[in-house]
Amino acid sequence: MFGVAAQVFDDMVARFGPNIDVFDGFNEGFKDFDSNPSVVFGFLLESCFKKGMVDMSFYVFVQMSKWGVFVSNDLVYRMLGYLVNANRVDIIVDNYGGLCRLFGTRGFCVYGIVMEEFLKKGEVGKALNFHRWITERGLGVDIVSCNRILKILSVNKEIGIASKLFDMILTLGPLPNVVTFSTLINMYCKDGKLDKAFELYNAMIERNVLPDLIMYAILIDGYFKAGRLDEGEKLLSAALAQGIKLDVVIFSLVMDVYGKVGDLGRVVQVYKRMLEEGLSPNVVSYSILINGLCGNGRILEACGVFGQIIKRGLEPSPITYSSLIDGFCKLGNLRDGFHLFDNMIEKGHQPDDVVYSVLINGLCKEGMMTTALRFFFNSIRRGLKPNIFTFNSLMDGYCRLKQLRNAVKVYTLMGTYNIKPDMVTYTLLVKDASKQGKLDAALLIFFQMLKRGFAGDAIAYCTLMDGLCKHKNPGAGLQIFKLMQRNGVVQDIAVYNVLLNILFKGSHLEGASELFSQLVEKGPKPDIITYNTMICGYCSLKRLDEAISLFKQMTSPLYRPNSITFTILIDAFCKEGRTNDAMLIFSKMLEKGPEPNVVTYSCLIDGYFKSQDMSTATELHEEMLENKICPNIVSYSVLIDGFCKQGLVSEASLAFRCALDRHLVPDVIAFSILIRGYCKVGRLVEAKLLCQQMFMNGIMPDDLLEQTLAEYNL
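First, a word on what this report is: a plain description of the structure on this page. Small disclaimer: the values here were computed from a predicted structure and weren't measured.

It is worth spelling out the nonpolar core at this point. Core analysis: the biggest nonpolar cluster contains 232 residues, and Ile92, Tyr111, Phe130, Ile185 and Leu246 have the highest contact counts within it. Looking at which element gives the most residues to this core, the answer is helix 30 (residues 493–505), with nine residues. With sequence-adjacent residues up to four places away left out, Ile92 is seen in contact with Leu80, Leu83, Val84, Leu99, Val110, Val114 and Phe130.

So, in structure tokens, the structure goes:
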């Protein structure tokens, strides 16, 4: 139908020209054919535009409005859009007041429609020019319309355009209100430009525009999320001082930020301030408080807060449950953790992946790997989607039990669920393999990690370097360090401590000393482990004077000598037969601290036994017991060895029985010392019986003991 009408229109324009006035004829037609004026004039307007008859189409549009012909909303938008596309904004500007009067009652904003059309086309300059024309002519743009445009720009993250429009509003008008400022300030905060946001805030205050709740919420949120806590807290206090009634959402936000940085004191302080303001906490604020309390081991208080949630009839969220369950698990209280888990299910809550992962991690930390695996597979049947954290927890559990083979099985299982290993996964395997002395496996995993595109972290490199050093391959450890440098992995002081140890193991005294000097001058700053490593290294190379010199330099609170420092020096002096010097260091330790430990006493006892001073050695052992320092199997081995070397096998046997009475488990060294002692004094029957006891305990002889057994035909 419209096709024929379009053909007639084309013929009419071709015959009579584009300026023909058809309104009288159309009026007659309405009477004769009972046509719908809205449809007919709408068709005429569209046809004029298609022919490029912009002025005529606008004339039709205005006449329709004047004659009371219904103009649809869609037609209003299309008409203004046509004018923008035809670059005839002059028509809109010239007729702006009339258009606003015609359509203002129907909720149309001519300004907003035109600005949106320009922005959709990306014609920012024309949009800003339109604003300038309207305001300079005093055509009455209201700030609400401007705020709507700023809001659209905010949603589309067009901060640059929004800033230009805002500047124009400040210069030309209309007068901005708090919404205008808050919209742009919100954009700056989300973009991380807090200084610019606060600059606008100050400009707003200077213009006597009072901030409202939303404004403060935006700025407080921005400061706290950016980690500028002190500034955020000042603004929070300022808002409360001015009588602004902040809501529970803002207080919860502040509590959450303090909770994430581990500042429970501030969390509680903000929570109490919220109560003082007469606000009732919601589930979110309660959950944040519970999480903070659990993270600090204050599980009973967390349970009290949980009770308040139930008492007030609020519904705990999965986050609430997971925080409390995690708190129980971290304390090793898995029974209450699982009780809460069961309660959660009974209440109709569906545990999320976080809850399942927390419980699996708790079981793994307690070494309950069979239960952890069973719960893992049951959780999958209940809907758990395994994630990398879950698998890493299982692997960590097996690594803690030194079950590398099972950890690798879990690693293989990851592929079944399409979970890709991350840096933590590889670091766990490298670390465990290195600690167990399985360096070939550790290196294989390490280079597989590099092949997969992971540069590795400091822990992986450090553990591998340390393992290679302990297994007398310092050269390979140095190569790993060089690889670490090439891969751009940041080296902290822990890495350099291992490197110093490697250099000393390789007898590179000069290199170690140069590296230490570099650390002191340029960083990273040495810690107590660095100094202990250096002192131990000097002692291992029999450079005791250098060790003592460095020991005397340890006056800073950051690296004040600890029990390990003193023990290293005491052990070194004892090995050199300088027991008097060792006792001087020991006396200084007793005088100023720290307290000696079982290793300190063991070194001294061993030194005095080797110096043939049995009396002092036994006195030191008695002193250790009187000071309630519990001996271990190593200290008893030192005592047994000292007695045996003096031919006092009965006393050595008594010391061995004392170790058993203390429920200490003798190792191959303790058995070997006493068996060899029995053999040397001809008490072969007792040696044989002790050897049988060792075998019954599942302990196999080392090379030295095998030689002894062969020598005495046992």
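So much for the structure itself; the text now carries on.
The next subject is the state of the cysteines. Taken as a whole and judged by the stated rule, the model has zero disulfides. A disulfide-free cysteine, Cys462 has its sulfur positioned 11 Å from the sulfur of Cys469, the nearest such atom. What makes Cys462 buried here is its relative accessible area of 14%. In this model Cys658 remains outside any disulfide bridge; the closest cysteine sulfur is found in Cys630, 14 Å from its own.

Looking now at the side chain of Asn392. Here Asn392 lies in helix 24 (residues 388–400). Other than its neighbours up to four places away in sequence, Asn392 contacts Asp422, Val424, Thr425 and Leu428.

To describe a pair of aromatic rings, one takes the distance between the centres and the angle between the planes. All chains considered together, the criterion is met by 25 aromatic pairs. Each ring, one from Tyr111 and one from Phe130, has its centre 6.1 Å from the other, and the planes form 25°; the classification is stacked. With Tyr111 in helix 8 (residues 110–120) and Phe130 in helix 9 (residues 124–136), the pair connects residues that are 19 residues apart, well separated along the chain. Across the pair, Phe130 and Tyr111 agree in class, each one buried. Among the aromatic residues, those joined into a cluster by ring pairs are Phe338, Phe341, Tyr356 and Phe375.

Attention now goes to helix 20 (residues 318–330). For helix 20, which comprises 13 residues, the first-to-last C-alpha distance of 18 Å matches the rise-based estimate of 18 Å (1.5 Å per residue) to within 8%. Within helix 20, ten of the 13 residues are buried, which leaves it mostly tucked inside the rest of the structure. If you check which residues of helix 20 are buried, you get Thr320, Tyr321, Ser322, Ser323, Leu324, Ile325, Asp326, Gly327, Phe328 and Cys329. Buried-residue contacts for helix 20 involve helix 18 (283–295), helix 19 (299–311), helix 21 (334–346) and helix 22 (353–365). A positive backbone phi angle near 80° is found at Gly332, which sits one or two residues after helix 20.

On to the packing of helix 16 (residues 248–260) against helix 17 (residues 264–276), then. The N-to-C vectors of helix 16 and helix 17 enclose an angle of 170°; their axes lie 8 Å apart at closest approach. With respect to helix 17, the axis of helix 16 lies roughly antiparallel. Residues Val248, Phe251, Val254, Met255, Tyr258 and Gly259 of helix 16 pack against Arg266, Val267, Val270, Tyr271, Arg273 and Met274 of helix 17. When the residues that make up the contact of helix 16 with helix 17 are grouped by side-chain class, the tally is nine nonpolar, one polar and two charged.

Moving on to the pattern of salt bridges. Tallying each qualifying case throughout the model produces 20 salt bridges. Measuring nitrogen to oxygen at the nearest pair gives 2.6 Å for the salt bridge that ties Arg683 to Glu686. Overall, the relative accessible area of 28% leaves Arg683 in the partly exposed class. The structure contains a network of salt bridges with shared partners spanning Lys121, Glu123 and Lys126.

The next point concerns helix 12 (residues 178–190). With 13 residues, helix 12 ought to run about 18 Å at 1.5 Å a step, and its terminal C-alpha atoms sit 18 Å apart, in line with that. With eleven of 13 residues buried, helix 12 is to be regarded as a mostly interior element. Buried within helix 12 are the following residues: Val178, Thr180, Phe181, Ser182, Thr183, Leu184, Ile185, Asn186, Met187, Tyr188 and Cys189. Looking at the buried side of helix 12, the elements it contacts are helix 10 (143–155), helix 11 (159–172), helix 13 (194–206) and helix 14 (213–225). Measuring from the backbone nitrogen of Val179 back to the side-chain oxygen at the start of helix 12 gives 3.1 Å, which picks out Asn177 as the cap.

Note that Thr708 resides in helix 42 (residues 703–711). Thr708 sits in the buried class, given a relative accessible area of 1%. Apart from the residues within four sequence positions on either side, Thr708 is in contact with Arg676 and Cys679.

Further remarks concern the environment of Cys48. Note on placement: Cys48 falls in helix 3 (residues 37–50). Spatially, the C-alpha atom of Cys48 lies 121 Å from that of Ser650, the residues being 602 residues apart in sequence. Once residues within four sequence positions are removed from consideration, Cys48 is found in contact with Phe9, Met53, Met56 and Ser57.

Reading guide: rules and limits
Per chain, residues are indexed from 1 in the order of the written sequence. A pLDDT threshold of at least 70 governs which residues receive local features in this predicted model, and a stricter bar of 80 or more applies before side-chain atom pairs are shown or counted, although totals over entire chains, interfaces and linings include all residues. With hydrogens and water excluded, all non-hydrogen atoms of the structure serve as input to the side-chain values. Take the buried Ala, Val, Leu, Ile, Met, Phe, Trp, Tyr and Cys residues and link them wherever side-chain atoms come within 4.5 Å; each set so joined is a nonpolar core. Note on classification: 1.4 Å probe, protein chains only; a residue is buried when its accessible area is under 20% of the maximum for its type, exposed when over 50%, partly exposed between these limits. The helix and strand labels rest on DSSP assignments: H or I over at least four residues marks a helix, E over at least two residues marks a strand, and numbering proceeds from the N terminus. Note on definitions: a residue-residue contact is assigned when non-hydrogen atoms from the two residues lie within 4.5 Å. When the sulfur atoms of two cysteines come within 2.5 Å, that pair is taken as a disulfide. Each pair of aromatic rings taken from Phe, Tyr and Trp, with Trp reduced to its six-membered ring, is defined by centres within 6.5 Å and is described as stacked if the planes are under 30 degrees apart, edge-to-face if over 60, and tilted in the remaining cases. The span expected for a helix works out to 1.5 Å for each residue beyond the first. Axes here refer to lines fitted to C-alpha atoms; in helices the fit is confined to the stretch in contact. Angles between the N-to-C directions go from 0 to 180 degrees. In these notes the angle categories are as follows: under 35 degrees is roughly parallel, over 145 is roughly antiparallel, 65 to 115 is roughly perpendicular, and the rest is oblique. Under the scheme applied, nonpolar residues are Ala, Val, Leu, Ile, Met, Phe, Trp, Tyr, Cys and Pro; charged residues are Asp, Glu, Lys and Arg; polar residues are all the others, including Gly. Salt bridges are defined by distance alone: a side-chain nitrogen of Lys or Arg within 4 Å of a carboxyl oxygen of Asp or Glu. By the criterion applied in these results, polar contacts are pairs of N or O atoms within 3.5 Å in which, for protein atoms, one can donate a hydrogen and the other can accept it, and in which residues neighboring in sequence qualify only through two side-chain atoms.

Keep in mind that these numbers describe shape and distance, not what the molecule does.
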